[in-house]
Amino acid sequence: MSQDEHFRKEVERLKDKYLCPDLEIIPCELTKEQLQKRRFDEADLHFKDYDFQDYKNGKLYIPSFYEDEIDLPTTGNKFIRSQVLFQKGDLVQVQAEIGHWKLRPFNTRHKEYVVEDRKNHQIEEGFAYWRREDGKPSRWAYLKEEDWKKRKAQLEEDLSNPVLREVELDFYYLLNEAAKSEASYDKLQTKQTFLTFLQNVNELDWYLANVLGLWAAFKLYPVSLYESLLERIDELHDELVPAAFDFCESYDGEVLHSKKHPELEEFHSKAKTFLIEGYEVIDGKACLNAMRMYKERQQTDTDNTKEMFEKYQKTAVELCKDNKDKNKSTFVSLEDVKKQLGEVKKNKKQLKGR
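Residues numbered from 1 in each chain as written. Predicted model: local features only at pLDDT ≥ 70, side-chain atom pairs only at ≥ 80, totals over all residues. Heavy atoms only, no water.

Along the backbone of the chain there are 14 helices and 11 strands. C-alpha atoms of the chain, sized along the principal axes, occupy 90 × 65 × 35 Å. Classification of the 354 residues of the chain by burial places 44% in the buried group. Here the contacts in the chain between residues at least 6 apart in sequence split such that 66% fall between residues at least 24 apart. Put simply, the chain shows about 20,500 Å² of open surface, and 48% of that area lies on carbon and sulfur atoms. (Helix = DSSP H or I, 4+ residues; strand = E, 2+ residues; numbered from the N terminus. Buried < 20%, exposed > 50% of the residue type's maximum accessible area, 1.4 Å probe, protein only. Contact = heavy atoms within 4.5 Å. Areas by Shrake-Rupley, 256 points an atom, 1.4 Å probe, with all protein chains shown as cover.)

Reading across from one edge, β10-β9-β11 is the order of the 3 strands in this open sheet, with antiparallel pairing throughout. This sheet does not close on itself; its edge strands, each paired only once, are β10 (285–288) and β11 (330–333). Adjacent strand axes in the sheet meet at a mean angle of 35° when their direction is disregarded. Relative to β10, strand β9 (residues 278–282) runs antiparallel, the two being bridged by 4 bridges. (Pairing = 2+ DSSP bridges. Axes fitted to C-alpha atoms, helices over the stretch in contact; angles between N-to-C directions.)

Chain-level pLDDT for the chain is 92 on average; 94% of the residues reach the 70-or-more range. Scored below 50 in pLDDT, residues 346–354 makes 0 contacts in the model with residues more than four places away or belonging to other chains. (pLDDT = per-residue confidence, 0-100.)

The full count for this structure, using the stated rule, is 25 salt bridges. The salt bridge partner of Lys270 is Glu266, with a shortest N-O separation of 3.1 Å. Taken together, the positions of Lys270 and Glu266, both in helix α10 (residues 262–275) and 4 residues apart, correspond to about one turn of that helix. The class for Glu266 is partly exposed, based on a relative accessible area of 32%. Several salt bridges share partner residues, and in doing so they unite Lys37, Asp41 and Asp44 into one network. (Salt bridge = Lys/Arg side-chain N within 4 Å of Asp/Glu carboxyl O.)

Here we take up helix α8 (residues 205–217). When the terminal C-alpha atoms of α8 are compared, their 18 Å separation across 13 residues agrees well with the 18 Å that a helix rising 1.5 Å per residue should span. Among the 13 residues in α8, 12 count as buried, and that is most of the element. Listed in full, the buried residues belonging to α8 are Trp206, Tyr207, Leu208, Ala209, Asn210, Val211, Leu212, Gly213, Leu214, Trp215, Ala216 and Ala217. Just downstream of α8 lies Lys219, where phi reads positive at about 65°. (Expected span 1.5 Å × (residues − 1).)

Examined against the element boundaries, Gln93 turns out to sit in strand β5 (residues 91–104). Those residues in contact with Gln93, other than ones at most four positions away along the chain, are Gln83, Val84, Leu85, Phe86, Glu124, Glu125, Gly126 and Trp148.

Residues other than glycine seldom take positive phi values, yet Lys219 does so here, at roughly 65°. Following the sequence through the fold, Lys219 ends up in the loop between α8 and α9 (223–250). Phi at Asp283 takes a positive value of approximately 50°, unusual for a residue other than glycine. The residue Asp283 is located in the loop between β9 and β10 in this model.

We now examine the packing of helix α1 (residues 5–18) against helix α6 (residues 162–188). The contact between α1 and α6 brings their axes to 10 Å, and the two run at 105°. Classed by the angle they form, the pair α1 and α6 counts as roughly perpendicular. Contacts between α1 and α6 involve Phe7, Glu10, Val11 and Leu14 from the first element and Val163, Leu164, Glu166, Val167 and Asp170 from the second. A breakdown of the residues in the contact of α1 with α6 according to their chemical character gives 6 nonpolar, no polar and 3 charged. (Parallel < 35°, antiparallel > 145°, perpendicular 65-115°, else oblique. Nonpolar A, V, L, I, M, F, W, Y, C, P; charged D, E, K, R; others polar.)

Let's shift gears to the packing of aromatic side chains. Scanning the model with the defined rule gives 24 aromatic pairs in all. Measuring from ring centre to ring centre gives 5.4 Å for Tyr50 and Phe52, while their planes differ by 45°; the resulting arrangement is tilted. You can call Tyr50 buried: its relative accessible area is 11%. The class of Phe52 is partly exposed, set by a relative accessible area of 46%. (Phe/Tyr/Trp six-rings, centres within 6.5 Å; stacked < 30°, edge-to-face > 60°.)

Counting 70 residues, the largest nonpolar core has Phe171, Phe194, Leu212, Trp215, Tyr221 and Phe267 as the members making the most contacts within it. Top element by residues in this core is α9. It accounts for 10 residues. For Phe267, the residues in contact, after removing those within four places along its chain, are Phe194, Phe197, Leu198, Val201, Leu236, Leu240, Val241 and Ala244. (Core = buried A, V, L, I, M, F, W, Y, C linked by side-chain atoms within 4.5 Å.)

A few words on the packing of α6 against helix α11 (residues 290–298). Across the interface, α6 lies against α11 with an axial gap of 11 Å and an inter-helix angle of 110°. By the angle between their axes, α6 is roughly perpendicular relative to α11. Residues Glu168, Phe171, Tyr172, Leu175, Asn176 and Ala179 of α6 form the contact with α11, whose participating residues are Ala290, Met291, Tyr294 and Lys295. For the contact of α6 with α11, the residue count by class is 7 nonpolar, 1 polar and 2 charged.

Look at α10: 20 Å from first C-alpha to last across 14 residues, which is about the 20 Å you get at 1.5 Å a residue. All buried positions along α10 are accounted for by Leu264, Phe267, His268, Ala271, Thr273, Phe274 and Leu275.

What follows deals with the state of the cysteines. The full count for this structure, using the stated rule, is 0 disulfides. Among the cysteines around Cys287, which has no disulfide bond, Cys320 carries the closest sulfur, lying 12 Å off. (Disulfide = S-S within 2.5 Å.)

This is how it looks when you write it as structure tokens:
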């Protein structure tokens, strides 16, 4: 297990280097004048120059996809589309293109999108978070192609740093050890199993704060979610863990039920949100919690499909629709999601039938 000071400082350096406010990417609708054009032109294509563009303040407007429904005999048809090519660390790159479509021979149900002039009708624009040294506020800024390539090369080099792989492996190991000890305590309800559970959660302190920070830095998590999680992590390790250790020092019994002691029950319930599979819901979006992030990527569900994963996330959001504070994350367990969908009840019936 990598615990030395150099290792931790290197992880923290990479987290701090790339952790920055998210650039919100917003598809914008076309105007009536644009829709009436025979062909889209470069003014429509170069989205960074839109009058209402606001990437300096964290909002990047890009063209929404549009295509003419009818290929007119004289004037033909047109389309415009854009996509995010790269969004990681403090860099974002967006591609936009204009052209026309045509039906594929012998397969008229499918369209082929034609960009006639790749030089002038297809662009790739890069943006970076600019940490200013002149005392002025940092902000998102447009990058020229050469500067973009240099910044991206540096980011790719940092991503290949072996400490990133090492810290995620360590975190996965500690997360599973803590989860197993929680399950053991839940079953046996003894002081010794509770202490093991408590110690394992305590070991996760630095990893929760920094690995989840790395995930936010490299855009696996919204920064707003990380900030909300950090409040819970600080509460867990600055208040609840020490209080639980103090309680155990003065407790002489062998059997220990956390539900009978408020300070232990609060620690237990809040620690579990990091140890069981589930979702963190914030601002109407469901993000995978740490355990679900690892498990879903291994596709441990026997009926795993993209549609199933999306259905689970949508259900998690629905379960939190009455929450008043949308800027605070709310944990929803995978079990509760499956219960809402009737899957848990269905599985119990199947087991009973066997």
